[in-house]
Amino acid sequence: MTTAQFASLLFQGLTLGGLYAMIGAGLALNYGILKVLQLAHGEYITYGAFAAVGAIVVFPDLPFHVILLIAFLACALLGAAAQWLIVERAMAHRNEVVAMLVTFGLAVVLRDSLVETVGADLRGLSVGQLGQANFTIAGLTFGVLPLISLLIAIASFGLLTLLIFKTHLGRQIRAVSDLPDIAELVGAPVQRIHVIVAALSAGLAAIAGVLLAMRASVSPYSGLDNLLIAFEVVVLGGLGSIRGVLWAGFLLGMTQVVSTWFDGNAGLFYVHLVFFIVLVFRAMTGRLS
């Protein structure tokens, strides 16, 4: 392997890993704080992609950051509404299975609603000249768009970390996550915190959907595939660990890029294989993360 090939693989692995980390970020946040395995997470990713595609169709000259903001807000509102009207009532039963089954039903409704509204065709997000732009370092050429995707992922994780660990809202969120009953006794707005976390989770999923739509086509049926990747990233990173999700995303992204270089037909096989091997190792050693 030449230096140029190694640098190209490293760049591709990091950018794909950033995307995988973003796909898992919202699921990690939702489970880490609310203790609910949000099975509609894949649909939120798909809705984010279609919100961006729809915004481009209606307003072709919208700047990219505005498109990203529209998708984030649209899915954040959807996630907040679903949490307030549906999931919160299921959580009142204090049974994770009940809440999980409710989110499964929500996923089915969201997917079928999208099919009914826009059809089942594949869609992609065209970003014009940005998609063809590149830059050169030491004689090596890299795409601008993948770099932007990676920077968005890193910035999203950085801002999320600051929110959780450096703000008053973050302290409330951590209190509700650790000791919800006591937090409610001392006046913390538990239900409002739940809604805020659900909105952030869905908004992060929307950002992942936009980044995904810029790389490949998506359809209303893409949610299950995205949920599988999100689940693997979250489990590898440690349930509820934001930093762990970022590193797990990079691991899976590098795995896919390197395995594709050796085996063009590999697809996601080695990604799933790494996930399985880590699970077996944890089972044998008794380590959960």
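Our structure's up above, just so we're on the same page.
Everything quoted here is computed from the prediction, not taken from an experiment.

Chemist: In this structure, what is going on with the overall build of the chain? I would like to understand it.
Modeler: Along the chain, the regular secondary structure elements total 11 helices and two strands. The C-alpha atoms of the chain give 19 Å as radius of gyration, which agrees with the globular expectation for 289 residues (19 Å, within 12%). Structurally, the chain occupies a C-alpha span of about 60 × 55 × 35 Å along its principal axes. Counting over 289 residues, the chain shows a buried share of 46%. Once the 13 positive and 13 negative side-chain charges of the chain are each reduced to a mean point, those two points are 12 Å apart.

Chemist: Teacher, can you tell me more about the nonpolar core here?
Modeler: Across soluble globular proteins, nonpolar side chains show a tendency to be buried alongside one another. Counting 82 residues, the largest nonpolar core has Met22, Ile23, Leu125 and Phe157 as the members making the most contacts within it. No other element matches helix 8 (residues 190–215), which puts 15 residues into this core. Each residue touching Phe157, except ones within four places of it in the same chain, is listed here: Ala21, Met22, Ala25, Ile242, Val245 and Leu246.

Chemist: How should I be thinking about the layout of surface pockets in this particular structure?
Modeler: Empty space within the largest pocket amounts to approximately 540 Å³. Glu88, Met91, Ala92, Arg94 and His194 are, among the 22 residues lining the largest pocket, the residues nearest its centre. Only helix 1 (3–34), helix 3 (64–91), helix 4 (96–118), helix 6 (168–178), helix 7 (180–185) and helix 8 provide two or more residues apiece to the lining of the largest pocket. Per-element accounting of the lining of the largest pocket gives the leading share, five residues, to helix 3. Split by residue class, the lining of the largest pocket holds 11 nonpolar, four polar and seven charged.

Chemist: I keep staring at the packing of helix 2 (residues 41–58) against helix 3 and nothing clicks. Help me out?
Modeler: In helix packing, the relevant descriptors are the interaxial angle and the interaxial distance, both defined with respect to the helix axes. At their nearest, the axes of helix 2 and helix 3 sit 9 Å apart, and the two run at 135° to each other. As the angle between them shows, helix 2 and helix 3 are arranged oblique. Our pair here, helix 2 against helix 3, has a crossing hand that is right-handed. Touching Tyr44, Tyr47, Gly48, Ala51, Ala52, Ala55 and Ile56 of helix 2 are Ile67, Ile70, Ala71, Ala74, Cys75, Leu78, Gly79 and Ala82, all from helix 3. Residues that form the contact of helix 2 with helix 3 fall into these classes: 13 nonpolar, two polar and no charged.

Chemist: Looking at this structure, I do not really get the pairing of strand 2 (residues 140–143). What am I missing?
Modeler: Note on strand geometry: in a regular strand, side chains alternate between the two faces of the sheet. Where strand 1 (residues 134–137) and strand 2 come together, four bridges link them in antiparallel fashion. Looking across to strand 2, one finds that Asn134 is bridged to Gly143. In this structure, the hairpin formed by strand 1 and strand 2 is closed by a connection of two residues, where Ala138 is found at a positive phi of approximately 50°.

Chemist: Is there a simple way to think about the environment of Glu232 in this case?
Modeler: Inspection of the secondary structure assignment puts Glu232 in helix 9 (residues 223–237). Its relative accessible area of 2% is what places Glu232 among the buried residues. Between the C-alpha atoms of Glu232 and Val245, which are 13 residues apart in sequence, the distance is 9.5 Å. Sequence-distant contacts of Glu232, that is, excluding residues within four places in its chain, are made with Leu252, Val271, His272 and Phe275.

Chemist: Could you clarify how one ought to interpret the packing of helix 1 against helix 5 (residues 144–166) in this entry?
Modeler: In contact at an axis separation of 8 Å, helix 1 and helix 5 are set at 35° when each is read in the N-to-C sense. For the pair helix 1 and helix 5, the crossing hand works out as left-handed. For the pair formed by helix 1 and helix 5, the contact residues are Phe11, Leu14, Thr15, Gly18, Ala21, Met22, Ala25 and Leu29 on the first element and Pro146, Leu147, Leu150, Ala153, Ser156, Phe157, Leu160 and Ile164 on the second.

Rules and cut-offs
Residues numbered from 1 in each chain as written. Predicted model: local features only at pLDDT ≥ 70, side-chain atom pairs only at ≥ 80, totals over all residues. Heavy atoms only, no water. Helix = DSSP H or I, 4+ residues; strand = E, 2+ residues; numbered from the N terminus. Rg over C-alpha atoms; globule rule 2.2 N^0.38 Å. Buried < 20%, exposed > 50% of the residue type's maximum accessible area, 1.4 Å probe, protein only. Lys, Arg positive; Asp, Glu negative; His and termini not counted. Charge placed at Lys NZ, Arg CZ, Asp CG, Glu CD. Core = buried A, V, L, I, M, F, W, Y, C linked by side-chain atoms within 4.5 Å. Contact = heavy atoms within 4.5 Å. 1 Å grid on protein atoms, 1.4 Å probe; cavity = no way out; pocket = protein on both sides within 12 Å on 5 of 7 lines; lining within 4 Å. Points joined across faces, edges and corners; volume = space filled by probe spheres on them. Nonpolar A, V, L, I, M, F, W, Y, C, P; charged D, E, K, R; others polar. Axes fitted to C-alpha atoms, helices over the stretch in contact; angles between N-to-C directions. Parallel < 35°, antiparallel > 145°, perpendicular 65-115°, else oblique. Left-handed = near helix turned anticlockwise from the far one by under 90°. Pairing = 2+ DSSP bridges.

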